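Structural characterization, general
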Amino acid sequence: MQARLKWVDGVCFMGETGSGHAVVMDGAPEGGGRNLGPRPMELVLLGTAGCTSYDVLSILKKSRQDVRDCWVEMEAERADVDPKVFTRIHFHFVVTGRGLKPDAVERAIKLSAEKYCSASIMLGKTADITHDFELRED
């Protein structure tokens with residue numbers, strides 16, 4: 001995997017992934033930024049949600065669950081002193097579909113958290129990570 005990051009101005013950076021996608025990152029005004037994009041740690045949190053959601057949906061599809069929609073709401077806390085690592089992250093999955101089995105959704109989330117999601121497993125070295133979910137019938 002490769003990536004490139006270029007300084008734009010102040011604390012604003014333009015990142016380009018090896019797959020050719022670009023993202024702007026910037027800081028808050030009180031930190032010298034102009035709020036032109038997400039903070040780097042917000043992207044870490046969002047990327048982790050993407051990683052685990054990818055796993056969960058893949059596992060549910062293989063389990064023949066009729067998923068119509070899925071999203072994850074996250075809350076995270078960081079250390080007060082540098083390095084301000086994540087110390088707590090909670091993932092709340094909302095899965096919509098027809099006839100979804102709660103045990104299948106719980107199993108998919110657990111497999112992602114414990115076996116497949118590299119981002120979650122990596123962040124779990126510093127953060128207490130918890131999960132829950134709700135099912136909605138479509």
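See the structure printed just above.
Presented here is a report on the structure given in the accompanying data block. (Residues numbered from 1 in each chain as written. Predicted model: local features only at pLDDT ≥ 70, side-chain atom pairs only at ≥ 80, totals over all residues. Heavy atoms only, no water.)

Backbone-to-backbone hydrogen bonds join strands into a sheet, with any given pair of strands oriented parallel or antiparallel. What the three strands build is an open sheet, ordered β1-β2-β3; its pairing is antiparallel. Either end of the sheet is taken by a strand with one partner, and the two such strands are β1 (3-9) and β3 (22-25). On average, adjacent strands in this sheet sit at an angle of 20 degrees to one another, irrespective of strand direction. Pairing between strand β2 (residues 12-17) and β3: four bridges, direction antiparallel. Opposite Gly-15, over in β3, you have Val-23 as the bridge partner. (Pairing = 2+ DSSP bridges. Helix = DSSP H or I, 4+ residues; strand = E, 2+ residues; numbered from the N terminus. Axes fitted to C-alpha atoms, helices over the stretch in contact; angles between N-to-C directions.)

Our next topic: the pairing of strand β5 (residues 86-98). For β5, a buried count of ten out of 13 residues is recorded, marking the element as mostly surrounded by other parts of the structure. Pairing analysis gives twelve bridges linking strand β4 (residues 66-78) to β5, with the strands arranged antiparallel. Within β5, the position partnered with Val-72 by the bridge is Phe-93. In terms of strand pairing, β5 meets strand β6 (residues 128-137) through ten bridges, oriented parallel. If you follow Val-94 over to β6, its bridge partner there is Glu-134. (Buried < 20%, exposed > 50% of the residue type's maximum accessible area, 1.4 Å probe, protein only.)

With that settled, the discussion passes to the side chain of His-90. Inspection of the secondary structure puts His-90 in strand β5. Here the side chain of His-90 touches Thr-130 through a polar contact of 2.6 Å, side chain to side chain. Excluding anything up to four places from it in sequence, His-90 contacts Glu-73, Met-74, Glu-75, Thr-130, His-131 and Asp-132. (Polar contact = N/O pair within 3.5 Å; in protein donor to acceptor, adjacent residues only side chain to side chain. Contact = heavy atoms within 4.5 Å.)

A few words now on the pattern of salt bridges. In this structure the tally under the stated criterion is six salt bridges. Close ionic contact of Glu-134 with Arg-136 constitutes a salt bridge, the shortest N to O distance being 3.1 Å. One salt-bridge network, held together by shared partners, links Asp-66, Arg-68 and Asp-138. (Salt bridge = Lys/Arg side-chain N within 4 Å of Asp/Glu carboxyl O.)

Taking strand neighbours across the sheet as the criterion, the three strands line up as β4-β5-β6 in an open arrangement whose pairing is mixed. Both outer strands of the open sheet, β4 and β6, are each paired with one neighbouring strand and no more. This sheet shows a mean twist of 15 degrees between the axes of neighbouring strands, independent of strand direction. Packed onto the sheet, helix α1 (residues 40-62) meets β4 and β5 and runs at close to 40 degrees relative to β5. Docked against the sheet, helix α2 (residues 102-116) engages β5 and β6, running at close to 150 degrees with respect to β6.

If you trace the backbone, Ala-127 turns up in the loop between α3 (118-123) and β6. A relative accessible area of 8% means that Ala-127 is categorised as buried. For the pair Ala-127 and Ala-28, spaced 99 residues apart in sequence, the C-alpha to C-alpha distance is 24 Å. In contact with Ala-127, not counting residues within four places along its chain, are Phe-86, Thr-87, Arg-88 and Ile-89.

The next thing to look at is the environment of Gly-27. Residue placement: Gly-27 occurs in the loop between β3 and α1. In this structure Gly-27 comes out as buried when scored by relative accessible area, which is 14%.

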